[in-house]
Amino acid sequence: MTDLYDVVVVGGGAAGLSGALALGRSRRSVLVVDGGAPRNAPSAQVHNLLTNDGVPPAELYARGRAELARYGVEVIDGTVATAHRSDAPDGLRFDVTLTDGRRVLARRLLVTTGLVDELPEVAGLAGRWGRDVLHCPYCHGWEVRDQAVGVLASGPTAVHQALLFRQLTDDVVLFTHTGPALTPEQAEQLAARGVRVVEGEVTAVEVTDDRLTGVRLACGAVVPRQALVVAPRVRARADLLAGLGLPAEEFVVAGAVVGDHVPADPQGATTVPGVRVAGNVTNPMATVPVAMAAGMQAGAALNADLVTEETDRAVAARRAATATGPIDAETARHWDALYAERERRWSGRPNARLVEVAEALPAGTVLDLGCGEGADAIWLARQGWRVTAVDVSRTALDRAAAEAAAAGVVDRIDFRRHDLARTFPTGSYDLVSAQFLQSMIEFPRAEVLRAAARAVAPGGRLLIVEHGAPPPWSRTIPPHVRFATPQETLATLDLDPDGWHTERLDAPVREVTGPDGQPASLVDHLVLVRRR
């Protein structure tokens, strides 16, 4: 196994193998984790599968695994214990842990874990399941044609099942058992089709020479039958999905709850981005060919999703990598080295002062100076702003572009590479955000802030937020270093008082947690001015 796969498929039945095949043929790295307990394991054959009608389930899955191997798809035996979302600078990640301790990462998940059939409490019934105790006329009906068939009423579908099996044999008996009382219309339908109704609860099935021979009632009577049709309660294998915030929901048939499932759209998309489902875990009524088709659809949709993310990332990275004007090599090296020190330099959260100011404003155009890894730009884009995000570090811009692609907002952000000491973005903006433009290397702060003011459109605002003092844990900023006050920064801007209005000029304090978990109070110097 590798550390990171494009897709991890949880479940190696018909849906899972089919989805993995579509992904493997699209040259995706895929891992299938199979617990080895398919729903149809008790059945001798799979039916209604074109060109493979009658194939034993185990043989079908063995053939499927062999086909996957031709496309480089890995299949392992095992059970996934947990999966949870793990954010990464370049997009979605899911941390998948198996019960034996093995751990992999996936960009996407396809969950095809199927379901468990919970049979009625009738003695001997479970031992005949998939043989002469059946549930689906399309899976097993032909094999019991012209035989004596019973239908055990334990839910709302019993009459429907009886009428379907009546198509295959003249001898059908409906046992009312614990099912709902027949309506006059249902009784008339059964009578018209020659389906006999036997009242009373069923307590056991009779077996002779490993063949079902009858159905025993609570009164002691035995009704000879060669096959018995039941409607099991279906329980989705969805514990893994519950851990991802996708609990199973009730599955309702004919107005009655007959089990649960995980809802999804026709392509298997769930409410959790990056997680799709296929097969019986979402559609308990799906037969093998239906599950295979659903798996293929979900696999293709995951590939398309990944292609979109990769394209968005490539476009954004291409834009970000193109410098707009000259770049000082030493400045670029300094900031790239700073970001390269760790996988994520900043928290990934937008600056608190920007949030409190911008969320009160109508969305418009915004210039984000020194955008870093893009947290501010992405938050603004999610609020509806059109963002121009600027930084000198190619490393930071690449990360920001990847994050924006993963967040689905890359189309609302124009990443640009500028050395603000040499060039400044053109255009005018409803909001210009200068967050912590303070540097340990030479930087023309005053000139850049004046250029930021000139970029504000009429009626727009300039927001400057800076450190008021070094963080207590800082090892690079000497404690005696003095930062400009908000009043001094405002004076530096040299604004025409007739053309500008000062909305905020203060030094708010925020409580934070330091890199080693220590609590601290940080002072911000904030200047907010509006062009008249």
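Residues numbered from 1 in each chain as written. Predicted model: local features only at pLDDT ≥ 70, side-chain atom pairs only at ≥ 80, totals over all residues. Heavy atoms only, no water.

Quick notes on the environment of Val-290
(1) Moving on: Considering the arrangement of structural elements, one finds Val-290 in helix H7 (residues 288–321).
(2) Moving on: Owing to a relative accessible area of 40%, Val-290 belongs among the partly exposed residues under this scheme.
(3) Moving on: Sequence-wise, Val-290 and Asn-280 are ten residues apart; in three dimensions their C-alpha atoms are separated by 9.5 Å. (Helix = DSSP H or I, 4+ residues; strand = E, 2+ residues; numbered from the N terminus. Buried < 20%, exposed > 50% of the residue type's maximum accessible area, 1.4 Å probe, protein only.)

What to know about the nonpolar core
Nonpolar side chains in soluble globular proteins tend to end up buried together.
(1) Moving on: Membership of the largest hydrophobic core comes to 31 residues, with the highest contact counts inside it found for Leu-380, Val-387, Ile-413, Phe-415 and Leu-463.
(2) Moving on: Of all the secondary-structure elements, those providing two or more residues to this core are H7, helix H9 (352–358), helix H10 (375–382), strand E21 (386–391), helix H11 (394–407), strand E22 (413–417), strand E24 (456–467) and strand E27 (519–531).
(3) Moving on: If one sorts the elements of this core by residue count, H10 sits on top with five residues.
(4) Moving on: Ranked by size, the runner-up nonpolar core spans 26 residues in total, among them Tyr-5, Val-111, Val-262 and Val-275. (Core = buried A, V, L, I, M, F, W, Y, C linked by side-chain atoms within 4.5 Å.)

Considerations on the sheet that holds strand E10 (residues 172–175)
Think of a sheet as strands paired side by side through backbone hydrogen bonds, with each pair either parallel or antiparallel.
(1) Moving on: Strand order across the open sheet formed by five strands is E8-E15-E9-E10-E11, with parallel pairing between neighbours. Strands with a single pairing partner mark the edges of an open sheet, and in this sheet they are strand E8 (133–134) and strand E11 (196–198).
(2) Moving on: Bridge count for strand E9 (residues 149–152) against strand E15 (residues 227–229) is three bridges, and the pairing is parallel. Its bridge partner lying in E15, Val-151 is registered against Val-229. (Pairing = 2+ DSSP bridges.)

Points about the packing of helix H1 (residues 14–24) against helix H2 (residues 57–69)
The packing of two helices is summarised by the inter-axis angle and the distance between the axes.
(1) Moving on: In contact at an axis separation of 10 Å, H1 and H2 are set at 15° when each is read in the N-to-C sense. Classified by the angle between their axes, H1 and H2 sit roughly parallel to one another. The two elements H1 and H2 meet at a crossing, and its hand is left-handed. Here Ala-14, Leu-17, Ala-20 and Leu-21 of H1 lie close against H2, whose contacting residues are Tyr-61, Gly-64, Arg-65, Glu-67 and Leu-68.
(2) Moving on: Residue classes in the contact of H1 with H2 are distributed as six nonpolar, one polar and two charged. (Axes fitted to C-alpha atoms, helices over the stretch in contact; angles between N-to-C directions. Parallel < 35°, antiparallel > 145°, perpendicular 65-115°, else oblique. Left-handed = near helix turned anticlockwise from the far one by under 90°. Contact = heavy atoms within 4.5 Å. Nonpolar A, V, L, I, M, F, W, Y, C, P; charged D, E, K, R; others polar.)

A closer look at the pattern of salt bridges
For side chains of opposite charge, pairing can occur when their charged atoms come near one another.
(1) Moving on: Taken as a whole, this structure holds 34 salt bridges when the rule is applied.
(2) Moving on: A salt bridge links Arg-103 to Asp-95; the shortest N-O distance between them is 2.7 Å.
(3) Moving on: With a shortest N-O distance of 2.9 Å, Arg-504 and Asp-506 are connected by a salt bridge.
(4) Moving on: Judged by relative accessible area, which is 23%, Arg-504 ranks as partly exposed.
(5) Moving on: Salt bridges sharing partners connect three or more residues here, namely Asp-6, Arg-28, Arg-107, Arg-108, Asp-305, Glu-309 and Glu-310. (Salt bridge = Lys/Arg side-chain N within 4 Å of Asp/Glu carboxyl O.)

Remember that the coordinates give geometry; whether it matters functionally is a separate question.
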